[in-house]
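Residue-level structure breakdown
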Amino acid sequence: MNTLALILLILFSGAIVAFLSEKVSKFLPSLIAFISITAAGILFYTSPADVFNFKLSMAGLNFTLKIDEFSRLFVHMIIGLSWLASMYAVGYMQNKERQGTFFFNMLLSIGGMLGIVAARDLVSFFVFWEIMTWSSFLIVVWTGADFRRTGIWYMVFSAMGAYAMLMAIMMIYSDIHTFNIDEIIAAIAEQRLPHLVEASVLLLFGFSVKAALMPLHVWAPNAYTQAPAAYTAIFSGVLSKMGIFGMALVLLSMLKFANPADFSLVYINGFIGQILAWLGAITAAIATLYALIQTDAKKLLAYSSVAQLGYITIGIAIGTPLSVMASLFLAVLHALFKGTLFLAMGAVERQAGTTDMTKISGLIRRMPWTFFVTLVSIISLAGVPPLAGFVGKWMLYEALITNGNVFMVVVVFFSSTAAFLYSYRILFGIFLGQEEDDTAHVKEAPLSMILPMVVMALLLIALGTYPGLLFDPIAQGMTVLGFENVTWQMTVLSNVWGNTVNLMYISTTIGVAFVAALLFLTLKGRKGSRNVGTKDISTSGEIPLEHENLTYQLDFFKPFERAASPLYRRKMTKIYDDLSNGLDALFDFTRKIYTGNGQTYALYVVIFLVALLIYVQNTL
């Protein structure tokens, strides 16, 4: 059997076995899921690259799956993060109900994502896309909480994106009578695709939904928050990247290979790219502002994920070699640091019972390893040296400036600066705040949960010191998209620091300074220190009432929130709700006309015939 087909078979059959095994033991589904992903990963990494090519003919259709150097980059993210998340899930999902259903859909979604990045025909692509969408939807509503706001929003927008993609696929097939992506690209180069622009816009619409691009993002914050943390890491870290993969397929493969002699098409391509880039910039800025006012850490990270996807969209949409490299670099980093953060918040939720930053604080001594991985991830997310987030954002800024998008740089830089503020809020609100008696019982998460987070945190440190480890596979993948002689040395970072972006000395200096400060503060405060509650502070002689919260967490950025209040009052969800109410009113009116009564319809026919006769008489 073909290796690629065997990997998919392992995941899909593992899903069925995990579902059935819950009747035997609650522990088995998580173990089977972990074993299935492990087996698929071993098979992938021990097989030569040329075996990942699968073809099947059925019912007059040719299905083709192939993993090239570009899709391989996404396979690394899918398998790597899924394997770590499945290890984490062993401890996180312990004693939870309906584990069989959860792991069934988890494995289905992972197999669906692998099928998407391997598909070389649009039918396979669409089928795997639907497998991924439906399985992730069932995980989003797995807890059964807040179904209307979470599940329905997610499914409605997913359905809109799927229908748009299906219309585009039918347009393409009607023009050239093939679903094969390579043949479609060849037809575009020969100008044999009259509906190219319309099909491209519809495809980009569908991919923008999954990438949570504004104004199609409203499903994402609740979905990321509602899903169990063991899956949210996959959801935010790699499933959202399927939208980015699709955008690259359209902008950098289909439209890029259009005949350059067709100046109108070249102009339209650039116009579409600029619109997407600005939507990405606006998404990054507005989602960051909403992240600032969240009091629940998971909801904050959900908005943060939307913002980070905006950065990645910008790089793909601009389409220059440096911007695409920056985008793919940030995509991998986002999978790592956002996956780590969601797992860390899942650990806090499991151990402390909540991720509400107004209810818990001071967990640094209770959960030191969780604090460590959160700190590393936050530094990378905020783009602070010496971690790799700094390198990725620097390259994106440079790509925008060299391409003449100066105003976009201002928007992106504002979003990045504000990201540091909400990042600090998580650190202070959960870990660095005052210790409370309510959290005295909290202990560190189990080893099976800590280990995956530590592995990803160490990877972030390694990529910050040696980003070239990631640049090389990205450069190889970009050659598949038609970029020639790609090298990360096109960034000024290489001109400053030589032929490698080596941040080892900076990393070492900062690390030594951090450890020295930690030791100094620990030894200095060892004697004479005492733990105090949040009420044990100066109140100018006034006795605070029991309901008055005097902690820093509650109104962390109140002045900022007050200044941006006009923006917060205008929500996209209200616009969609108003649209929905308008449609309901229209449908209610329509129901009064179409009553289902045969006599009423007969009367309509008579009225129509009379009106037709009067019209004919007047025209004679």
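Now for the nonpolar core. Trp219 and Phe235 are the most contacted members of the largest nonpolar core, which has 200 residues in total. Sorting elements by how many residues they give to this core places helix α14 (residues 321-352) first, with 21 residues. Those residues within four positions of Trp219 in sequence are excluded, and the remaining contacts are Trp153, Tyr154, Phe157, Val209, Lys210, Ala212, Tyr224 and Phe235.

Our focus in this paragraph is the packing of helix α5 (residues 122-140) against helix α8 (residues 196-210). Helix-helix packing is described using two parameters, namely the angle between the two axes and the distance between the axes. At their nearest, the axes of α5 and α8 sit 13 Å apart, and the two run at 25 degrees to each other. One way to sum up the angle between α5 and α8 is to call them roughly parallel. For the element pair α5 and α8, the recorded crossing hand is left-handed. Along its contact with α5, which presents Phe125, Trp129, Met132 and Thr133, the element α8 presents Gly206, Phe207 and Lys210. Among the residues making up the contact of α5 with α8, the classes are represented as 4 nonpolar, 2 polar and 1 charged.

Residues with a pLDDT of 70 or more make up 82% of the protein, whose mean pLDDT is 81. Here helix α20 (residues 492-497) stands out as the element of the protein with the lowest mean pLDDT, 53, in contrast to helix α4 (residues 99-118), whose mean of 92 is the highest. Note on residues 495-501: pLDDT is under 50 here. Beyond four places in sequence and across chains, it has 13 contacts. Contacts from residues 535-541, a stretch scored under 50 in pLDDT, to residues over four places away or in other chains number 10 contacts.

Cis rather than trans, the peptide bond between Met214 and Pro215 has omega equal to 10 degrees. Mapped onto the elements, Pro215 comes out in the loop between α8 and α9 (220-226). Phi angles above zero are rare outside glycine, and Ala212 is one such case at about 60 degrees. Within the secondary structure layout, Ala212 lies in the loop between α8 and α9.

Take Ser30: it is sitting in helix α2 (residues 28-46). Only 2.9 Å separates the side chain of Ser30 from the backbone oxygen of Phe27, close enough to count as a polar contact.

Before going further, it helps to examine the packing of α5 against helix α10 (residues 229-239). Remark: α5 packs on α10, axes separated minimally by 11 Å, with the N-to-C direction vectors making an angle of 145 degrees. As for the relative orientation of α5 and α10, their crossing is left-handed in sense. When α5 is examined against α10, the residues Met132, Ser136, Ile139 and Val140 are found in contact with a partner set consisting of Tyr231, Phe235 and Leu239. Split into classes, the residues belonging to the contact of α5 with α10 amount to 6 nonpolar, 1 polar and no charged.

Structurally, the position occupied by Asn403 is in the loop between α16 (388-402) and α17 (406-432). For Asn403, a relative accessible area of 34% puts it in the partly exposed group. Placed 81 residues apart in sequence, Asn403 and Leu322 show a C-alpha to C-alpha distance of 9.8 Å. The residues touching Asn403, leaving out its near neighbours within four places in the chain, are Gln274, Ile318 and Thr320.

The terminal C-alpha atoms of α14 lie 46 Å apart, and with 32 residues this matches the ideal 46 Å at 1.5 Å per residue to within 8%. In terms of burial, α14 is a largely internal element, 29 of the 32 residues being buried.

Calculation criteria
Residues numbered from 1 in each chain as written. Predicted model: local features only at pLDDT ≥ 70, side-chain atom pairs only at ≥ 80, totals over all residues. Heavy atoms only, no water. Core = buried A, V, L, I, M, F, W, Y, C linked by side-chain atoms within 4.5 Å. Buried < 20%, exposed > 50% of the residue type's maximum accessible area, 1.4 Å probe, protein only. Helix = DSSP H or I, 4+ residues; strand = E, 2+ residues; numbered from the N terminus. Contact = heavy atoms within 4.5 Å. Axes fitted to C-alpha atoms, helices over the stretch in contact; angles between N-to-C directions. Parallel < 35°, antiparallel > 145°, perpendicular 65-115°, else oblique. Left-handed = near helix turned anticlockwise from the far one by under 90°. Nonpolar A, V, L, I, M, F, W, Y, C, P; charged D, E, K, R; others polar. pLDDT = per-residue confidence, 0-100. Polar contact = N/O pair within 3.5 Å; in protein donor to acceptor, adjacent residues only side chain to side chain. Expected span 1.5 Å × (residues − 1).

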